[in-house]
Amino acid sequence: CGYLPILEENSTHTGLEVIRGRASFRGDLYALWEDSISEDILARKYTGSTTTWEGGATIFNGEASVALDLHSHKTRLIAIYVKGNDHITARTTDGTTWDAPSTEFTPNLLTDIPSDNENIDAGLLATIGTDVIAALWHETSGLVTFFSSEDMAATWVDEEIDIVSGNGPQGVVGMTGI
């Protein structure tokens, strides 16, 4: 039996309500935040040199949306969120300038349009080998369906792999050697 002491450190933020994902990227910890008042989805950086989440950028603003996951893959930080009933990704190389992929996921995979800050297991990201993969809830069919990208989330391809699910992906992990 062992004991691992971990230093507790309080942090502060302004106007952000919910952290939906986090990833280590370029030596810093980034978090994917929702702001229900402005309906923004933001990425913020926690450097540890202060106790404030700072930097980063607004990934999406406006319409009702729900942040799902944040993932570091090679030289990109990739965010996935729901806008309307569509799964959307954004990616960055520096944490502040975000762009959209040239080919997005199949539209209208969700039946219902989530409300701000809704707890919904609609999508997760992971790295398998050299590819980034997305496990998405295809609510209209009651499935988790998989997409992959060989080019750091610039182009998403439907792998036509489906797993029956009544409530979306609960976790995703890549296994070495498969």
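To be clear, the structure that these remarks concern was listed above.
Below: a short report on this structure. Everything numeric in this text was worked out from a predicted model, so none of it was measured.

## Some details on the environment of Pro169
Mapped onto the fold, Pro169 is located in the segment after strand S12 (157–164). The class for Pro169 is buried, based on a relative accessible area of 6%. Separated by 45 residues in the primary sequence, Pro169 and Leu124 have C-alpha atoms spaced 6.9 Å apart. The residues contacting Pro169, other than those within four sequence positions of it, are Asp121, Ala122, Gly123, Leu124, Ala135, Leu136, Trp137 and Val144.

## Looking at the sheet that holds strand S4 (residues 54–60)
Picture the strands of a sheet paired through backbone hydrogen bonds; they go either parallel or antiparallel. Taken in spatial order, the four strands make up an open sheet running S1-S2-S3-S4, and their pairing is antiparallel. Both outer strands of the open sheet, strand S1 (18–25) and S4, are each paired with one neighbouring strand and no more. Neighbour-to-neighbour, the strand axes of the sheet open up by a mean angle of 25°, direction not taken into account. Examined bridge by bridge, S1 and strand S2 (residues 28–35) share seven bridges and lie antiparallel to one another.

## Some details on a negative patch on the surface
On the surface, Glu150, Asp151, Asp158, Glu159, Glu160 and Asp162 cluster together into a negatively charged patch. Looking at the secondary structure, you find Asp162 in strand S12.

## Digging into the pattern of salt bridges
All told, the structure shown has three salt bridges when counted by the stated rule. Its salt-bridge partner being Lys45, residue Asp28 comes within 4.0 Å of it at the nearest N-O pair. Separated by 17 residues along the polypeptide, Asp28 in strand S2 and Lys45 in strand S3 (residues 40–46) bring together distant segments of the chain. Here Asp99 makes a salt bridge to Arg91, at a shortest N to O gap of 3.3 Å.

## Details of the packing of aromatic side chains
A complete count under the given rule lists six aromatic pairs for this structure. The interplanar angle of 75° and the centroid separation of 5.7 Å between the aromatic rings of Trp33 and Trp53 together place this pair among those described as edge-to-face. Of the two residues, Trp33 sits in strand S2 while Trp53 sits in the loop between S3 and S4, which places them 20 residues apart along the sequence. Summarising the aromatic geometry, the rings of Phe105 and Phe147 are spaced 5.1 Å apart at their centres and angled 70° between planes, so their arrangement reads as edge-to-face. Within this pair, whereas Phe105 is found in the loop between strand S8 (98–99) and strand S9 (123–128), its partner Phe147 is found in strand S11 (residues 143–149), the two being separated by 42 residues in sequence. Grouped by ring-pair contacts, the aromatic residues Trp33, Tyr46 and Trp53 constitute a single cluster.

## Brief notes about unusual backbone geometry
Of note, the phi angle at Lys74 is positive, near 55°, even though the residue is not glycine. A residue is classified by how much of its surface remains accessible, and Lys74, at 51% relative accessible area, is exposed. The backbone of Asn108 shows a phi angle near 60°, a positive value even though the residue is not glycine. Tracing the sequence through the fold places Asn108 in the loop between S8 and S9.

Cut-offs used in this document
- The numbering scheme is per chain: residues are counted from 1 as the chain's sequence reads.
- Since the coordinates come from a predicted model, pLDDT governs what is reported: local features require at least 70, and pairs of side-chain atoms require 80 or more to be given and counted, while whole-chain, interface and lining totals use all residues.
- Water and hydrogen atoms were dropped before computing side-chain values, which therefore reflect all heavy atoms in the structure.
- Secondary structure counts use DSSP, requiring at least four H or I residues in a row for a helix and at least two E residues in a row for a strand, with both numbered from the N terminus.
- Throughout this description, buried means an accessible area under 20% of the type-specific maximum (1.4 Å probe, protein chains only), exposed means over 50%, and partly exposed covers the range between.
- Throughout, a contact is declared for two residues whenever any of their heavy atoms are within 4.5 Å.
- Think of it this way: DSSP has to see at least two bridges between two strands before they count as a pair.
- Lines fitted to C-alpha atoms define the axes here, with helix axes fitted over just the stretch in contact, and angles between the N-to-C directions of these axes take values from 0 to 180 degrees.
- Patch construction takes residues with relative accessible area above 30% that form no salt bridge. Like charges are linked within 9 Å, and nonpolar side chains (Val, Leu, Ile, Met, Phe, Trp, Tyr) are linked within 5 Å.
- Per-residue and other accessible areas were derived by the Shrake-Rupley procedure at a 1.4 Å probe size, with only the shown protein chains allowed to occlude residues.
- Note on definitions: salt bridges are taken to be side-chain nitrogens of Lys or Arg within 4 Å of carboxyl oxygens of Asp or Glu.
- Charged residues are defined narrowly, with Lys and Arg counted positive, Asp and Glu counted negative, and His plus the chain ends left uncounted.
- By convention, the point assigned to a charge is CZ for Arg, NZ for Lys, CD for Glu and CG for Asp.
- In this scheme Phe, Tyr and Trp rings, the latter by its six-membered ring, pair at centre separations within 6.5 Å, and the angle between planes marks the pair as stacked below 30 degrees, edge-to-face above 60, and tilted otherwise.

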